Amino acid sequence: MKSNQIFKLLVLALMALAGCEKANVDVDTTIAEGSAIGEVSGVWTKGSTQVIKGDIIIPEGKTLTIEEGVTVLMDTVAKPEIIVKGNLYALGTADNPIKFTVNEFYKTAQKKFGKLWGGILAGPTCEELVLDHAIIEYAGSTTSDASTSVKMGLYKAVAGENLPALWFSNAKGKLVVQNTIFRNLQEDCTYIEGGKIIFANNIFYTTGVSGGEAMNFKSGCLADIAYNLIYSTNTNALKLSNTGDKTPQTYIIAYNNTMVNTGWRRPTAKGGSVWLESTVRADLYNNLFANTRFGIKRDPKKPEDSRSTYSNNWYYGFDQLTVNQFQPGANDVIGGKNDVISKVAGDNDPKFVNYPVNTAVSNADFNTSWDFHLQGNSPALGKGITNFTRHHATGIVMKNGITYTSPAPATFVGAYGTKI
């Protein structure tokens, strides 16, 4: 009898131990504060701090919802990756954004290009991913043989790659990134391989040491890209490509974006602002290029789809060197219908509310007091068009019941009109 009781107690102890071991792997952090490593799902509640001590995985078929004001604090020794095999909804607000970040101690001038943690890596089984009112900073670490992404065959699946802050790879998936700041990143801010996509009202700055785009699209993407501010990316603001074997053919509609100083910190690169290649289809309207390297440029060996359309884009250069290099025709630079393209330095100044247009084009540091709204007497007001079709004007419906709609175009050029 005693031996039977001892056996039962032993079994119960082993079951409890197994449960504890599983809890260390499958963490559902629903408390106000928490730390995570391994598998995660459930809800990270409003205003909490979640300390990420190692790579975390949202399993296939499961969901992690991050509520407003959550700080996701990444360990700078472990340099964690956030692997999304299920769904991720990061739902911040203007007053309480979600922060994917590191301890303030590490935010130094020497580390301004990040590389202190991996990135958000959403594989082919991720059906839906939303970043709304988020801040993603100091990411872009280099993969090793020990990286979870390498072991799982995600992203480029090899050691020695600088990770993007966001990778998404599901041509049948849904991706919405809006009202989000990407800053202090090692290389690409985003690398997107398929999906129904909206990128709207985002800001990109202080990104890319020796390469890197703000938004890098490959095959399988149907994307509306609107009202984004891209400042001094190392390479392109938009790299638009149909490279890959996914369907449908990538078709990007980019309108009312402001690009400033993009491309100059990598002068040997083929592009510099918007790069088109590999039969991508791209419609580009109402975009403002201020002191950018080139403007819209094609790969002559792998040109874009002939149905692509360019119209009502605005080009301004503070000096003659800048003006000369974005003239259509030379170096495979593309001009569009009703474009406003300066031919003399200083012509067609868009008249930003607060930005010194003589800022060095090599400057990667962003002053948050700058204001890229247009003054009331800006010549760029009223120069945009609105009579074109967007992919997602009727909305992308998510499983959590929220519908995201690509914003309507504006009659001004660029991401911001006058201040209200």
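Scroll up to find the structure this text is about.
None of the values given here were measured: they were computed from a predicted structure. (Residues numbered from 1 in each chain as written. Predicted model: local features only at pLDDT ≥ 70, side-chain atom pairs only at ≥ 80, totals over all residues. Heavy atoms only, no water.)

Novice: So what exactly am I meant to see when it comes to the overall build of the protein here?
Specialist: The helix and strand tally for the protein stands at three helices and 36 strands. Against the compact-globule benchmark of 22 Å for 420 residues, the protein has a radius of gyration of 23 Å, which places it among compact chains. Along the three orthogonal principal directions, the C-alpha set of the protein runs to about 100 × 45 × 40 Å. Per-residue burial over the protein gives 55% buried out of 420 residues. For the protein, long-range pairs separated by at least 24 residues make up 68% of all intrachain contacts whose partners lie at least 6 apart in sequence. Working note: accessible area of the protein is about 16900 Å², and carbon and sulfur atoms make up 53% of it. In the protein, which carries 39 positive and 37 negative side-chain charges, the distance between the mean positions of the two groups comes to 2 Å. (Helix = DSSP H or I, 4+ residues; strand = E, 2+ residues; numbered from the N terminus. Rg over C-alpha atoms; globule rule 2.2 N^0.38 Å. Buried < 20%, exposed > 50% of the residue type's maximum accessible area, 1.4 Å probe, protein only. Contact = heavy atoms within 4.5 Å. Areas by Shrake-Rupley, 256 points an atom, 1.4 Å probe, with all protein chains shown as cover. Lys, Arg positive; Asp, Glu negative; His and termini not counted. Charge placed at Lys NZ, Arg CZ, Asp CG, Glu CD.)

Novice: Is there a simple way to think about the side chain of S241 in this case?
Specialist: Residue placement: S241 occurs in strand β22 (residues 238–241). Here E277 takes part through its side chain, which lies 2.9 Å from a polar atom of the side chain of S241. Excluding residues within four positions of it along the chain, S241 makes contact with F217, K218, S219, T250, E277, S278 and V280. (Polar contact = N/O pair within 3.5 Å; in protein donor to acceptor, adjacent residues only side chain to side chain.)

Novice: How do you make sense of the packing of aromatic side chains when you look at a structure like this?
Specialist: Aromatic rings considered in pairs are described by the distance between their centres and by the relative angle of their planes. Under the defined criterion, the tally for this structure stands at 22 aromatic pairs. Geometrically, the ring pair formed by Y155 and W167 is edge-to-face, given 6.1 Å between the ring centres and 70° between the ring planes. Here W167 lies in strand β13 (residues 166–168) and Y155 lies in the loop between α2 (148–151) and β13, a separation of 12 residues in the sequence. A relative accessible area of 3% means that W167 is categorised as buried. In this structure an aromatic cluster arises from ring pairing among Y205, Y231, F352, Y355, F366, W370 and F372. Stacked on the ring of Y251, the Lys or Arg R281 has its end atom at 4.2 Å from the ring centre. (Phe/Tyr/Trp six-rings, centres within 6.5 Å; stacked < 30°, edge-to-face > 60°. Lys NZ or Arg CZ within 6 Å of the ring centre and 35° of its normal.)

Novice: Explanation requested: the layout of surface pockets in the structure shown.
Specialist: Where empty space is left becomes clear once a probe the size of a water molecule has been rolled over the atoms. By volume, the largest pocket amounts to about 200 Å³. Lining the largest pocket are I181, R183, I203, Y205, L229, F366, T368, W370, D371, F372, H373 and Y416. Mapped by element, the contributors of at least two residues to the lining of the largest pocket are β15 (181–185), β18 (203–207) and β34 (371–374). Per-element tally for the lining of the largest pocket: the top contributor is β34, with three residues. For the lining of the largest pocket, a count of residues per class yields eight nonpolar, two polar and two charged. (1 Å grid on protein atoms, 1.4 Å probe; cavity = no way out; pocket = protein on both sides within 12 Å on 5 of 7 lines; lining within 4 Å. Points joined across faces, edges and corners; volume = space filled by probe spheres on them. Nonpolar A, V, L, I, M, F, W, Y, C, P; charged D, E, K, R; others polar.)

Novice: I would appreciate a short explanation of unusual backbone geometry in the present structure.
Specialist: Among all residues save glycine, negative phi is the norm, and among peptide bonds the norm is trans. In this chain, T247 is followed by P248 through a cis amide linkage whose omega measures 10°. With respect to the secondary-structure elements, P248 resides in the loop between β22 and β23 (251–255). Residues other than glycine seldom take positive phi values, yet T279 does so here, at roughly 60°. Mapped onto the elements of the fold, T279 is located in the loop between β25 (274–277) and β26 (281–285). With relative accessibility at 40%, the residue T279 sits in the partly exposed group.

Novice: I keep staring at the state of the cysteines and nothing clicks. Help me out?
Specialist: Disulfide: a covalent bond formed between the sulfur atoms of two cysteine residues. Counted by the stated rule, this structure contains zero disulfides. In this structure C126 is a free cysteine whose sulfur lies 13 Å from that of C221, the closest cysteine sulfur available. (Disulfide = S-S within 2.5 Å.)

Novice: Which parts of the structure should I look at to understand the pairing of strand β4 (residues 49–58)?
Specialist: The two faces of a sheet get side chains in turn, since along a regular strand they alternate between them. Pairing between strand β2 (residues 34–40) and β4: five bridges, direction parallel. Following the sheet pairing, E39 is matched in β4 by I57. Judged from the four bridges that link them, β4 and strand β6 (residues 71–74) form a sheet pairing that is parallel. By the bridge assignment, V51 is partnered in β6 with L73. The sheet contact formed by β4 and strand β7 (residues 82–84) spans three bridges and is parallel. Its bridge partner being in β7, I57 is matched across the sheet by I83. (Pairing = 2+ DSSP bridges.)

Novice: So what exactly am I meant to see when it comes to the pattern of salt bridges here?
Specialist: Close approach of charged atoms allows side chains of opposite charge to pair. In this structure the tally under the stated criterion is 11 salt bridges. The salt bridge partner of E104 is K107, with a shortest N-O separation of 2.8 Å. For E161, the salt bridge goes to K156, with nearest N and O atoms at 4.0 Å. It is possible to trace a salt-bridge network through shared partners that takes in E104, K107, E137 and R183. (Salt bridge = Lys/Arg side-chain N within 4 Å of Asp/Glu carboxyl O.)

Novice: Is there a simple way to think about the sheet that holds strand β29 (residues 309–311) in this case?
Specialist: Strand order in the open sheet formed by 10 strands is β3-β5-β8-β11-β14-β17-β20-β23-β26-β29, with parallel pairing between adjacent strands. At either margin of the open sheet sits one strand with a lone partner, and together these are β3 (42–44) and β29. Going across the sheet, the axis of each strand differs from the next one's by a mean of 10°, ignoring polarity. (Axes fitted to C-alpha atoms, helices over the stretch in contact; angles between N-to-C directions.)

Nothing here speaks to function; it is all geometry.
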